[in-house]
Amino acid sequence: MKKKSNFVAKTIRSNNLYVVIISIALIGSLLLLITNASSLFVQTELENASLSNGATKLSDSNASSGSLVVFGNSQTGSGASNQMNLFISNTELMSVKAKYAARQEPWFSAGNAVMGVANAELSKSYYSVVNNGGGANYYTDPPYTSDGVINPNVDRSDYIAAGGLGKAVRSLAIAYQLTGDTKYADKAVYFLDKWMVDSTTYMNPKYTGGQSGIELSITMPAIFYGIDLLEPYPGWSVSSKQSVLSWVSSFSDNAAAQNWSAQNNWQDWLNVTVASSAALIGNSERLNGAINKWKTRLDAHVNTSGFFTQEITRTLSLDYSMFAMDAFTQTALIAKHNGTDLFSYTSPTGKSLKLTYDKHAGYLVNPATWPYKQISSYKGGEVAIYEVAYQVYGQANYKQVIDYWKRPMNDVWSIGITSFTHAKDSY
């Protein structure tokens, strides 16, 4: 009986060990799922790198096979699980980062330009609408003496601050993603806190009439893009991040409630703001509404030749046409990263975004042939979106536009240096 008792005891201990092993395996599997690994297993065939779910294959000229494999969730600098969904995805940014590390062009030169902007921002104090002595509501003086003619003596400091913040946060966030250096992310968080959280310096999250309509619509999306790039940063405190996203949500509510009579590019930029804020906070119903409005606006704002009807009657008609095209492109990019392909969309009356790219490409390499009013020479405003057009469609005449205006190309509004993030063959 003694031998039987020992056998039973050993059996119980053995069974307990099996239970522990099985429990550990189950916990490990659960952790993989929680951290957003697409699959519990990844199989690869060496060199050819055929992948199952849970891995991403990226080009890398320094690797023996010409590619590298990223396992699990396709993350950059931060290693967190958040998925970017505005102007670039996690996987796309990983690919761009690999090209930059391999010193491939145009990504290396363009990436260095981004890093230059980010490094310059590290020494700056902060951006705020109260720095000019005003209150928390956004305000600038009416800037135009007539259509297309700016009065240089008016106060536009709030607009300059908003534009500066977008450029800063976007560039700092990309620099963090490229280097993993937290000083860039920490500075971006500091800037955001000053604009959206600190009660002594923040801006009330709303439009305030007048020029705020267009000025906030062209500056806020860059800030939202920066937040999207920065959100995975583990050093960003939960309370600060929640406060920032709450501010974005309030601003998004206010933007969605706007009802303007203007039917020119103001509507198209408002739509960028609604789409970008909705994507950032995860409001799919609002984002779908912006996508549907994009389709309606395409039919209303573009004629069958591909010109923007509300812009060609103005004094800087090529500039304003490109301004409108930029807005349409940005909303299309946001839609793309949320599952809707607007780049392939054609309206019931035959209008498409590609039609506008085709129509304007020839004029952009020979602006003197533009057939509508242009009271001063065109200087290449918004031409950087042709990096996006060339990436999507691959047409040689789009590359001619890029070559004419030279890389690195910079979208001064939301996207930034498109030659870095959206050049052809980036991903």
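Another point: the overall build of the protein chain. Within the protein chain, the regular secondary structure consists of 14 helices and six strands. Residue burial in the protein chain is summarised as follows: out of 427 residues, 49% are buried. Counted over contacts in the protein chain with a minimum sequence separation of 6, partners at least 24 positions apart contribute 69%. Surface accessibility of the protein chain: about 18,600 Å² in total, with carbon and sulfur atoms responsible for 53%.

Take the nonpolar core next. Core analysis: the biggest nonpolar cluster contains 113 residues, and Trp 195, Ile 227, Tyr 386 and Phe 420 have the highest contact counts within it. Excluding anything up to four places from it in sequence, Trp 195 contacts Tyr 127, Ser 128, Val 129, Asp 158, Ala 161, Ala 162, Leu 165, Tyr 202, Met 203, Met 220 and Trp 247.

Now for the pattern of salt bridges. Inspection of every chain in the model, using the stated rule, returns 14 salt bridges. Across the pair Lys 194 and Asp 198 runs a salt bridge whose closest N-O atoms are separated by 3.2 Å. Asp 198 sits in the partly exposed class, given a relative accessible area of 25%. When salt bridges with common partners are traced through the structure, they connect Asp 147, Glu 311 and Arg 314 into a single cluster.

Across all of its chains, the model carries 29 aromatic pairs by this definition. Plain terms: the ring middles of Tyr 127 and Phe 191 are 5.2 Å apart, the flat faces sit at 70° to each other, and that makes the pair edge-to-face. Taken together, the positions of Tyr 127 in the loop between helix H3 (107-121) and strand S3 (144-146) and Phe 191 in helix H5 (residues 182-196) put the pair 64 residues apart, joining distant regions of the chain. Both residues of the pair, Tyr 127 and Phe 191, count as buried. Note on Phe 307 and Trp 370: the rings are 5.7 Å apart at their centroids and 75° apart in plane angle, and the pair reads as edge-to-face. Of this pair, Phe 307 sits in the loop between helix H9 (284-301) and helix H10 (317-336) while Trp 370 is found in the loop between helix H11 (353-364) and helix H12 (386-393), placing the two residues 63 residues apart along the sequence. Just as Phe 307 is buried, Trp 370 falls in that class too. Connected via pairs of aromatic rings, a cluster forms that spans Tyr 207, Phe 224, Trp 247, Phe 251, Trp 260 and Trp 266. Stacked on the ring of Tyr 390, the Lys or Arg Lys 424 has its end atom at 5.8 Å from the ring centre.

The next subject is the environment of Tyr 320. Along the polypeptide, Tyr 320 turns up in helix H10. By relative accessible area, Tyr 320 is classed as buried at 11%. Residues Tyr 320 and Phe 308, spaced twelve residues apart in sequence, show a C-alpha to C-alpha distance of 8.8 Å. For Tyr 320, the residues in contact, after removing those within four places along its chain, are Tyr 144, Asp 147, Gly 148, Asn 265, Glu 311 and Arg 314.

Between helix H7 (residues 238-256) and helix H8 (residues 265-281), the shortest axis-to-axis distance is 9 Å and the interhelical angle comes to 140°. As H7 runs across H8, the sense of the crossing is left-handed. Residues Leu 245, Val 248, Ser 249, Phe 251, Ser 252, Ala 255 and Ala 256 of H7 pack against Leu 270, Thr 273, Val 274, Ser 277, Ala 278, Leu 280 and Ile 281 of H8. In terms of residue class, the contact of H7 with H8 is built from ten nonpolar, four polar and no charged.

With that out of the way, let us pick up the side chain of Ser 347. With respect to the helices, strands and loops of the structure, Ser 347 is situated in the loop between H10 and H11. Side chain to side chain, Ser 347 and Asp 299 meet in a polar contact 2.8 Å long.

This next bit is on the packing of H3 against helix H4 (residues 157-179). Running from N to C, H3 and H4 cross one another at 115°; their axes reach a closest spacing of 8 Å. With respect to H4, the element H3 is oriented roughly perpendicular. Considering only the axes of H3 and H4, their crossing is left-handed. Facing Val 114, Met 115, Val 117, Ala 118 and Glu 121 of H3, the residues of H4 in contact are Lys 167, Ala 168, Ser 171, Leu 172, Ile 174, Ala 175, Leu 178 and Thr 179. When its residues are assigned to classes, the contact of H3 with H4 shows nine nonpolar, two polar and two charged.

Thresholds, definitions, all that
Residues numbered from 1 in each chain as written. Predicted model: local features only at pLDDT ≥ 70, side-chain atom pairs only at ≥ 80, totals over all residues. Heavy atoms only, no water. Helix = DSSP H or I, 4+ residues; strand = E, 2+ residues; numbered from the N terminus. Buried < 20%, exposed > 50% of the residue type's maximum accessible area, 1.4 Å probe, protein only. Contact = heavy atoms within 4.5 Å. Areas by Shrake-Rupley, 256 points an atom, 1.4 Å probe, with all protein chains shown as cover. Core = buried A, V, L, I, M, F, W, Y, C linked by side-chain atoms within 4.5 Å. Salt bridge = Lys/Arg side-chain N within 4 Å of Asp/Glu carboxyl O. Phe/Tyr/Trp six-rings, centres within 6.5 Å; stacked < 30°, edge-to-face > 60°. Lys NZ or Arg CZ within 6 Å of the ring centre and 35° of its normal. Axes fitted to C-alpha atoms, helices over the stretch in contact; angles between N-to-C directions. Left-handed = near helix turned anticlockwise from the far one by under 90°. Nonpolar A, V, L, I, M, F, W, Y, C, P; charged D, E, K, R; others polar. Polar contact = N/O pair within 3.5 Å; in protein donor to acceptor, adjacent residues only side chain to side chain. Parallel < 35°, antiparallel > 145°, perpendicular 65-115°, else oblique.

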